[in-house]
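Listed below are the residues making up each chain.
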Amino acid sequence: QGPTPLPTPLPTPTPTPQPTPLPTPQPIQTPSTQILTDKLTYNFREEVVVSFSVQNPLNDDFVAIYSEDIPNHILMDGELWQWAACGGQARIGCNFVSSTGTLNFNEITNSRSDWRQVFPLTEGRYKAYLLREGDRPFQMVAVSDTFEILPPAPEDLLQVTPSLITQAREDIEALINTDIALAAKFLRLSFHDCVGGCDGCVDLVDPENAGLLGPIEALQSIVNKYADTELTRADIWMLSAVVGADISQPDNDRINFPFRFYGRQNCEDVNPICLDQSGQIVDCHQTRGPFRHVPGMDTHTHELFEFFEEEFGFNMNQTVALMGAHTLGELSRQNSGVDGPNGWLLNNRVLDNEYYIELVGGESVNDPIQVLIDTAPNWQRDLENNRDLAGIPNRHVWTGFPDNTKIVMLNVDVAIVRNLSSSNTASSGRVFCGFRRTGACPHAEGALQKAAEYRFNNFRWVRDFRAALLAMVDNGYDRPGICLNGSACRLIRRI
């Protein structure tokens, strides 16, 4: 027999192509630009203190804390973050040459959600970053050493119902998908309800609450579905506003609108007796809640900011951010005395910064104030004649006609960019100055600049609007000291 033939060699496998990893951005840290934490190990719920110094700081520098487990972290919000260095964003001064500061992350500074995320951090390893805002990914200026959060003790944990909230959220989203106009109506309902504390009740006898019966009735089946759970009617109303805002964002520029806190008490469960506008006793009910003063459409600039500060603890920036809710919805003569079927904007179904584009001109946030004023859309003063409607007065409004389509602004909208006061506005709402150029009303100092920031940065506005909305829907309550990320936790009603 001949020699045994050698086996045919197997073909060499072609290696699977591997993706080329993206280069890791390197911080521009120098001895004079740095960030550090006061400890490397923290107990659960313990305050995290971050110190920073930066050369050539900018108005948009901020400090954020990220988990080491999150890839591409500079594409997202941090678990916690605060503005860091200069200008109108900051808590401290800055000369734009150098800046140093210390930021405290704890449950007290987080109590009003003043542009911060939820505290405390869950157990794990984290780093603090000094970042520069702009198009994501953010530019890293400096990064700290890794620090660790220890696990909580058993007594730190609270009972949660995240799955219940998720289910209710899906029910509300399905409801809105049957009538997209409900998103704006749910936002309006939440604001009117939360004046004086969110309690699932409004007084429909008050003309300022006209039109709210529709969203109340739309939500009733969902309220009934969860009546035997820990989600109250007030919780469902607030959740509807958060879901309405969330799903109204454009698909290409979305951020998450979380809803983690429940346990708001319905007005009749707090006190079965309510007082109406005249001080008369009435039985508390979802449509006959206690009378609360809601700022009207002719509110002056100073009155607007004073109201939001006293009622919600909001500063000027938060108020300007929340007013952008008017990017959604429409107005009717029967409810408000204003004929605005297209609302404030041409596209009144999308939550974006178009509201500010209609109020502020210019080509850059750095344009001089006068350019921001003179190149804004030319809103005209107009009178809505309502003599054919019983009980509804004539209304002074501002009208525009982009693409030959009528849109409107109310005095309270104009008040965030023009300083409306008793010296230029009659009690009837008639304004004696114009919107721009010769005879223009004086600009609203500070607020106009903030509106300009939002006009040129949709991401910043949506993020700030989210923070203001989530603080508003907790009005009248305190968040618990402990609420783990990914959990749902019970609010504590203020006495």
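For the structure itself, look to the data block above.
### Topic: the overall build of the protein
No. 1: If you tally the helices and strands in the protein, you get 13 helices and 18 strands.
No. 2: Of all 495 residues assigned to the protein, the portion counted as buried reaches 52%.
No. 3: For the protein, long-range pairs separated by at least 24 residues make up 67% of all intrachain contacts whose partners lie at least 6 apart in sequence.
No. 4: For the protein, the accessible area works out to roughly 22,900 Å², and carbon and sulfur atoms hold 51% of it.

### A few points about helix α12 (residues 447–455)
No. 1: Among the nine residues of α12, eight are classified as buried, and the element is accordingly described as predominantly covered.
No. 2: For α12, the complete set of buried residues consists of Ala447, Leu448, Lys450, Ala451, Ala452, Glu453, Tyr454 and Arg455.
No. 3: Turning to α12, the residues buried within the fold contact α6 (301–312), α7 (316–323), α9 (354–357), α10 (369–374) and α13 (458–472).

### Brief notes about the sheet that holds strand β14 (residues 395–400)
Sheet strands associate in pairs through backbone hydrogen bonding, adopting either a parallel or an antiparallel arrangement.
No. 1: With respect to topology, three strands assemble into an open sheet ordered β13-β14-β15, the strand pairing being antiparallel. On the outer flanks of this sheet lie β13 (380–384) and β15 (407–409), each paired with one strand and no other. Pairs of neighbouring strands in the sheet enclose a mean axial angle of 50°, with direction left out of account.
No. 2: Pairing of β14 with β15, which is carried by three bridges, proceeds in the antiparallel orientation. Each bridged residue has a counterpart across the sheet, and for Gly400 the counterpart in β15 is Ile407.

### Looking at the environment of Thr33
No. 1: Assignment of secondary structure puts Thr33 in the segment before β1 (34–37).
No. 2: Once the C-alpha coordinates of Thr33 and Phe52 are considered, the two residues, 19 residues apart in sequence, prove to be 7.4 Å apart.

Parameters and conventions
Residues numbered from 1 in each chain as written. Predicted model: local features only at pLDDT ≥ 70, side-chain atom pairs only at ≥ 80, totals over all residues. Heavy atoms only, no water. Helix = DSSP H or I, 4+ residues; strand = E, 2+ residues; numbered from the N terminus. Buried < 20%, exposed > 50% of the residue type's maximum accessible area, 1.4 Å probe, protein only. Contact = heavy atoms within 4.5 Å. Areas by Shrake-Rupley, 256 points an atom, 1.4 Å probe, with all protein chains shown as cover. Pairing = 2+ DSSP bridges. Axes fitted to C-alpha atoms, helices over the stretch in contact; angles between N-to-C directions.

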